[in-house]
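Observations on chain architecture
The lines below spell out each chain.
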Amino acid sequence: MSTDARPQASRSADALLEHLDPDQRAVALAVTGPVCVLAGAGTGKTRAITHRIAYAVRTGTYPATSVLAVTFTARAAGEMRTRLRDLGVTGVQARTFHAAALRQLSYFWPQVVGGAPPRILEHKAPAVAEAARSLGLAVDRLTVRDLASEIEWSKVSLVPADDYVRAAAATDRPSPAGVDRSTVARLIAAYETVKDAQGLVDFEDVLVMLGHMLESRRDVADQVRSQYRHFVVDEYQDVSPAQQYLLDQWLGDRHELCVVGDPNQTIYSFTGATPHHLLTFAGKHPGATVVRLVRDYRSTPQVVTLANRVRAGARGRRSDGVELVAQRPAGPPVGFTAYDDDEAESAGVAGRIGRLIASGTPAAEIAVLYRTNAQSEAFEQALADAGIGYLVRGGERFFQRKEVRDALVLLRGGARSMAEVPLAEAVRDVLASAGWSPEPPAARGAVRERWDSLQAIVALADDLAQDPAATVATLVAELDERAAAQHAPAVDGVTLASLHAAKGLEWDAVFLVGLSEGLMPISLAETDAAIAEERRLLYVGVTRAREVLELSFARARTPGGRGNRRRTRFLDGLWPEDGGVGRRRTGTRSVGAARPQVLTGEHDPVLVQALRDWRAQVATEIDRPAYVVLGDEVLAAIAERKPRSVPELARIRGIGPAKIDRYGASLLAIVAGHAS
C-alpha cells in the first residue's frame, strides 16, 4: 500500500513517533501486554508513557476511556492529563491511587453497603491524639506527628495491630518518638476505635476497602474491569503493599499493565514504599516487555557523571537501576565548597544565588535542598538578609493556607463590587486589606510566606490582565479551577525544600547543602538498607539540577566552633581533593557564575520573525502572554542554531521536556520550512 493510501489514523499515529528517541519509541510501540519501563531521572518517562497511550488510541488498539493511569501526586496526574490533551487524547482517567479509589468506592458504596459513604479523615493528628489520651499517654504535637506516621506505615504495609510488634521487629523499625512497640500496637487499635466511633475512614482505608469490595463482590469487580482494561502506574518503585493489593484487584487475572519506575529513586521505604514489585515485575508477568530509558535530556554531562558515580558508589557498586547517558552539551563544573561553619555556608550560598540571579537565572529556577526541614531556617535568614525572595516547599498546600482562603473570600466580593476596575488594580486594592504590600516584608518565616502567597495571586492576575476583558471574576474562576486540580500559581522566589520534597522536580541551579556525616546519611540510618536509601536520596538531589550544581557542608555548627564535622561518605573519591569531579572551593568562596547561553547574534531575521509570528498565534490560542510560551532569547537561539532534531532542540537553554512535548514539532517544522 502506498503511503498516501494508508488510513489517516495510522499516518497520524506514526507522526507521534517521529520525535521520540529509540527507547521512548520502544515504549510507545509496546501498547499491549505487560510492560516494565526502567526510567532514569530526566529521561522523558512521562513523554514516553503518554505517547504510548496516545499511539494506542490513535491506532485504534483500545479506546481512551479504557485506560486508568495512576500516579502518586495530583501534580503528576495533572501533568499527564495536560500532555495527553496536547496530544489530542481525551477520556483517559489519570488520577492518584487515592483519588481513583475514592471515586470508585463512593460510586459502589450505596449498592454494596447502603447509605452514604463514610466521611474521610483528612488529618490523622486529632484522632491519634484522642487515641493516645484513651491509653493514658502524654503526647505533644511532634509525638502525635511521629505516631501518625507509624500508624500510616502499618496500614499501607497491611500490618494489623495484633501483628505490629512482629512486623516492626522483622523490619528493624525504630520506635517512633521513643514509644515502645507494644504500646504502638495498642495505639493502632485505639485509633481504629476512635475512627469507627466517629464514622470516619482514612485514606489508607479507602484503598483496602475498595480492594476488599472488588475481591468479595464479583459483580462490582466485573463492572470495574469491563470499564478499565489497560493500566499505567507511574513511580512504581514507590508502590506500597496496600496499593499493590488494590492494583491486583483492578487487574484480576489480566496482564494489561505498564509500570514505570527507577529503583535508584526509591526514597520512601519508611512510609511503606518498596521497589520489590518493580524489580520482580518480569517474574510476576511472564513475557513482559522491559525497556530502559537511559538518555538524560535534563542535566549536563557534569551533573550526569556525578549522579552515576554517586549511584554506583565509591567502590563501583551497581544497583538495579539505569546508568544515565547525558544528551545535553557540556556545562559548568560541579562546585564543591567546604565552609567554616553553618552561618558561613548559608551566607555563602545566598551570595552565590544573588550572583546567579544578577547574571540572568530566574529566582524560581534556583533551589536549595537539604536533608531535614530544620536546616531551612538558616537559609531563610540568609536569603532574607540578601533581599532574595524564597518559598519553603513541603508545607501546607497552597489552596489550604489561611491567607489564600481569606484572599479568595475577598476576591469573590471584589468580583461583584469591582467589575469595572482594571484587573491588576482591583486585585492589588483587594489584597492590600489582606496584608499584601508592593514590597516584601523584611521579616522571614511565616510573615514572608504569607506575603509570597498573596504575591503569587497578584502575579497570576497580572498574567490574566494581558487580556483587557479580564476581570476579578476571571481571576476567581481561574483560581477555582486551579484549586480543583491543586495547580498552585508559581511563587517567584528561590525554592527551599527537603530532598524528599524535591522528588519529581527540577531547576536550572541546585545547591545541595549540609552534606556532612550525621545529616547525609542521617544519624538515624543505622542499617545497610537505610544507608543505601540515604545514598539514593543524594542521587535524587543531584539529578534535580539541569545546569548548575553546587555541593557544600560546614565543618562546624557555630562560628569559632570546633570544626570536627566530616563531609558525607557518599562523596569519598568524588570530592576534588580526592581526585573526583568538579571544582573545589574552601571557606566562604563560591564557584563561578552560571554559564550563559552563548550566541553570536548571527541569526536570520526572517526566521526570527516566523518564530515570533508562531509564538503570537500560540499565545492567543492559550490566552497567555507571549513570553510564557518562549522567551526572545530562546527564539534567537533557535534561529541561530537551526535545530533539526529533538536532541538538538533540547540543547537550547530554556526549552525543557514539557515545552518540547508541546511545541517541539512545530518549532522543528518552522526551521525545516525556512531551510527549504
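Every chain begins its residue count from 1, and numbering advances along the sequence as written. Given that the model is predicted, a residue must reach a pLDDT of at least 70 before its local features are reported, and side-chain atom pairs must reach 80 or more before they are shown or counted; all residues, however, enter totals for whole chains, interfaces and linings. Where side-chain values are given, they derive from all heavy atoms of the structure, hydrogens and water being excluded.

1. As for the overall build of the chain
Elements are defined by DSSP. Helices are runs of H or I of four residues or more, strands are runs of E of two residues or more, and each kind is numbered from the N terminus. Tallying secondary structure elements over the chain gives 27 helices and 17 strands in all. Only protein chains enter the calculation, and the probe is 1.4 Å; a residue is then buried if its accessible area is under 20% of its type maximum, exposed if over 50%, and partly exposed in between. When burial is assessed residue by residue, the chain has 50% of its 676 residues classed as buried. Every residue pair with non-hydrogen atoms within 4.5 Å of one another is taken to be in contact. Across the chain, the fraction of contacts at a sequence separation of at least 24, relative to all contacts at a separation of at least 6, is 77%. Surface exposure of the chain reaches about 29400 Å², of which carbon and sulfur atoms provide 51%. Here the Shrake-Rupley method, with its probe set to 1.4 Å, supplies the accessible areas, and only the displayed protein chains count as covering residues.

2. Notes on the sheet that holds strand E2 (residues 67–71)
Note on pairing: two strands pair once DSSP finds at least 2 bridges between them. Ordered by their spatial adjacency, six strands build an open sheet running E3-E2-E6-E7-E1-E8, and the pairing between neighbours is parallel. Edge strands, defined here as strands with exactly one partner in the open sheet, are strand E3 (93–96) and strand E8 (289–293). Within this sheet the neighbouring strands show an average axis-to-axis angle of 15 degrees, counted without direction. Pairing of E2 with strand E6 (residues 230–233) involves four bridges; the strand directions are parallel. A fitted line through C-alpha atoms represents every axis, and for helices the fit uses only the stretch in contact; the resulting angles, taken between N-to-C directions, go from 0 to 180 degrees.

3. A look at the UniProt feature "binding site: ATP" (unreviewed entry) in the chain
UniProt positions are given in the numbering used here, feature names are shortened, and annotations may be inferred rather than shown by experiment. The positions that UniProt labels "binding site: ATP" (unreviewed entry) are, in the present scheme, Ala39, Gly40, Ala41, Gly42, Thr43, Gly44, Lys45 and Thr46. Given a relative accessible area of 4%, Gly40 falls into the buried group. Those residues in contact with Gly40 that sit more than four places away from it in its chain are Asp262, Gln265, Leu293, Val322 and Leu324. In this structure, Lys45 sits in helix H3 (residues 45–58). Excluding anything up to four places from it in sequence, Lys45 contacts Ala39, Asp234, Glu235, Val260 and Leu293.

4. Observations concerning the environment of Phe336
Relative to the elements of secondary structure, Phe336 occurs in strand E11 (residues 335–341). Residue classification places Phe336 among the buried residues on the basis of a relative accessible area of 0%. Along the sequence, Phe336 and Pro576 sit 240 residues apart, while their C-alpha atoms lie 7.5 Å from each other.

5. Remarks on unusual backbone geometry
Of note, the bond from Met520 into Pro521 is cis; its omega dihedral lies within 30 degrees of zero at 0 degrees. With respect to the helices and strands, the residue Pro521 is situated in the loop between strand E15 (507–512) and helix H22 (528–542). If you check the backbone angles, Leu158 has positive phi at about 60 degrees while not being a glycine. Following the sequence through the fold, Leu158 ends up in the loop between helix H7 (141–156) and helix H8 (164–170). Judged by relative accessible area, Leu158 falls into the partly exposed class, the value being 40%.

6. Structural notes on the side chain of Asp205
Of note, Asp205 is situated in helix H10 (residues 203–216). Among the polar contacts listed, one links the side chain of Asp205 to the side chain of Lys195, at a separation of 2.7 Å. Ignoring anything within four residues of it in the chain, the contact list for Asp205 reads Lys155, Glu192 and Lys195. Here a polar contact is taken to be a pair of N or O atoms separated by no more than 3.5 Å, where protein atoms must pair a possible hydrogen donor with a possible acceptor and residues adjacent in sequence count only if both atoms sit in side chains.

7. Observations regarding the pattern of salt bridges
Just to be clear on terms, a salt bridge is a Lys or Arg side-chain nitrogen sitting within 4 Å of an Asp or Glu carboxyl oxygen. This model, assessed by the stated rule, comprises 35 salt bridges. Here Arg166 and Asp163 are joined by a salt bridge, their closest N and O atoms 2.7 Å apart. Taking the relative accessible area as the measure of exposure, Arg166 reaches 52% and is therefore exposed. Judged by its relative accessible area of 22%, Asp163 falls in the partly exposed class. Residue Asp508 is joined to Arg546 by a salt bridge in which the shortest nitrogen-to-oxygen separation is 2.7 Å. Of the two residues, Asp508 is situated in strand E15 and Arg546 in strand E16 (residues 545–556); the sequence distance between them amounts to 38 residues. A relative accessible area of 17% places Asp508 in the buried class. Within this structure, Lys155, Glu192, Lys195, Asp202 and Asp205 form a network of salt bridges that share partners.

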